[in-house]
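Residues per chain, in single letters:
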Amino acid sequence: CFFMGRSLSAFLAQNVEKVQAVRYAATERIQEDGKPVEWEIGCITGAQDAALRNQCTKQVLVRKHQYRETFDANAYLVKLAAASTLFPDLNNGELQKSYGAVDAESLLTAMLTPGELSAYELKVQEANGFDKPMEDTVEEAKN
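Residues numbered from 1 in each chain as written. Predicted model: local features only at pLDDT ≥ 70, side-chain atom pairs only at ≥ 80, totals over all residues. Heavy atoms only, no water.

1. Looking at the overall build of the chain
Consideration 1: Helix and strand counts for the chain come out as six helices and seven strands.
Consideration 2: Of the regular secondary structure in the chain, the N- to C-terminal order runs β-β-β-β-α-β-β-α-β-α-α-α-α.
Consideration 3: Looking at the chain residue by residue over its 143 residues, the buried ones come to 24%.
Consideration 4: Counting contacts in the chain only where the partners sit at least 6 residues apart, residues at least 24 apart contribute 51% of the total.
Consideration 5: A total accessible area of about 10,400 Å² is found for the chain, and carbon and sulfur atoms account for 54% of it. (Helix = DSSP H or I, 4+ residues; strand = E, 2+ residues; numbered from the N terminus. Buried < 20%, exposed > 50% of the residue type's maximum accessible area, 1.4 Å probe, protein only. Contact = heavy atoms within 4.5 Å. Areas by Shrake-Rupley, 256 points an atom, 1.4 Å probe, with all protein chains shown as cover.)

If you want it as structure tokens, here you go:
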């Protein structure tokens, strides 16, 4: 059997390499000392990701007693970006108030232009390990 005599110690939390936070200037428009301020992006947990995906999944009535699941990918990406942002603190009340935002997601969309937000969402996906196309992952698994 493949598992006989193998140790699980490599899998223990204290032995697993931690995912490093990423620094990224999400916009050229927010500057300090003439330089764009870098934001800090962290990696969320699988449980946090599942909760975000669940929040963005809805049951839609197709016919009487028949439902179909729909997933709002745009909402998910904004939620993922907000949850992964370590700096600035998107839950800071003063910061939210200055933009007229009510939560981290609305603050993020108020702070960044649509193009900046799209680029930021890509960087957040990379920081969370979604940086490889599925085809590449499948090929690596085959080898």
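2. Topic: the sheet that holds strand S4 (residues 39-41)
Consideration 1: Strands sit in the order S1-S4-S7 across an open sheet of three strands; the sheet is antiparallel. Single-partner strands in this sheet number two, and they are strand S1 (22-24) and strand S7 (85-87). Averaged over neighbouring strand pairs, the angle between their axes works out to 35° when direction is ignored.
Consideration 2: Relative to S4, S1 runs antiparallel, the two sharing three bridges. Bridging across to S4, Arg23 finds its partner in Glu40.
Consideration 3: Together, S4 and S7 form the strand contacts of helix H2 (residues 73-84), whose direction differs from that of S7 by roughly 35°. (Pairing = 2+ DSSP bridges. Axes fitted to C-alpha atoms, helices over the stretch in contact; angles between N-to-C directions.)

3. Quick word on H2
Consideration 1: Helix length check: H2 (12 residues) gives 16 Å between terminal C-alpha atoms against 16 Å at 1.5 Å per residue, within 8%.
Consideration 2: Residues Tyr76, Val78, Lys79, Leu80, Ala81, Ala82 and Ser84 constitute the buried set of H2.
Consideration 3: Looking at the packing, one finds that the buried side of H2 touches S4, helix H1 (46-55), strand S6 (66-71), S7, helix H4 (104-111) and helix H5 (114-127).
Consideration 4: The residue sitting at the N-terminus of H2 and contributing the capping side-chain oxygen is Asp72; that oxygen lies 3.3 Å from the backbone nitrogen of Asn74. (Expected span 1.5 Å × (residues − 1). Polar contact = N/O pair within 3.5 Å; in protein donor to acceptor, adjacent residues only side chain to side chain.)

4. Focus on the packing of aromatic side chains
Consideration 1: On inspection of all chains with the given rule, the structure shows three aromatic pairs.
Consideration 2: Between the aromatic rings of Trp39 and Tyr120, the centroid separation amounts to 5.1 Å while the plane-to-plane angle is 65°, which identifies the pairing as edge-to-face. On the criterion of sequence distance, the pair formed by Trp39 in strand S4 and Tyr120 in helix H5 is long-range, its members being 81 residues apart. Here Trp39 matches Tyr120 in class, with each residue buried. (Phe/Tyr/Trp six-rings, centres within 6.5 Å; stacked < 30°, edge-to-face > 60°.)

5. Topic: the nonpolar core
Consideration 1: Ranked by size, the top nonpolar core spans 22 residues in total, and within it Trp39, Leu90, Leu108, Leu112 and Tyr120 carry the most contacts.
Consideration 2: Contributing elements (two or more residues each) for this core: S4, H2, H4 and H5.
Consideration 3: When residues of this core are assigned to their parent elements, the largest contribution, five residues, is made by H2.
Consideration 4: Excluding its chain neighbours within four sequence positions, the residues that come into contact with Leu112 are Ala26, Thr27, Arg29, Trp39, Leu117 and Tyr120. (Core = buried A, V, L, I, M, F, W, Y, C linked by side-chain atoms within 4.5 Å.)

6. Topic: the pattern of salt bridges
Consideration 1: In total, this model carries three salt bridges according to the counting rule given.
Consideration 2: In this structure, Asp49 engages Arg53 in a salt bridge whose closest nitrogen and oxygen atoms are separated by 2.9 Å. Of this pair, Asp49 and Arg53 both sit in helix H1, four residues apart, which is roughly one turn of the helix.
Consideration 3: Here Glu126 makes a salt bridge to Lys123, at a shortest N to O gap of 3.6 Å. On the criterion of helical spacing, the pair formed by Glu126 and Lys123 is a turn pair, its members being three residues apart in helix H5.
Consideration 4: Overall, Glu126 belongs to the partly exposed group, its relative accessible area being 40%.
Consideration 5: Looking at Lys123, the relative accessible area reads 25%, which means it is partly exposed. (Salt bridge = Lys/Arg side-chain N within 4 Å of Asp/Glu carboxyl O.)

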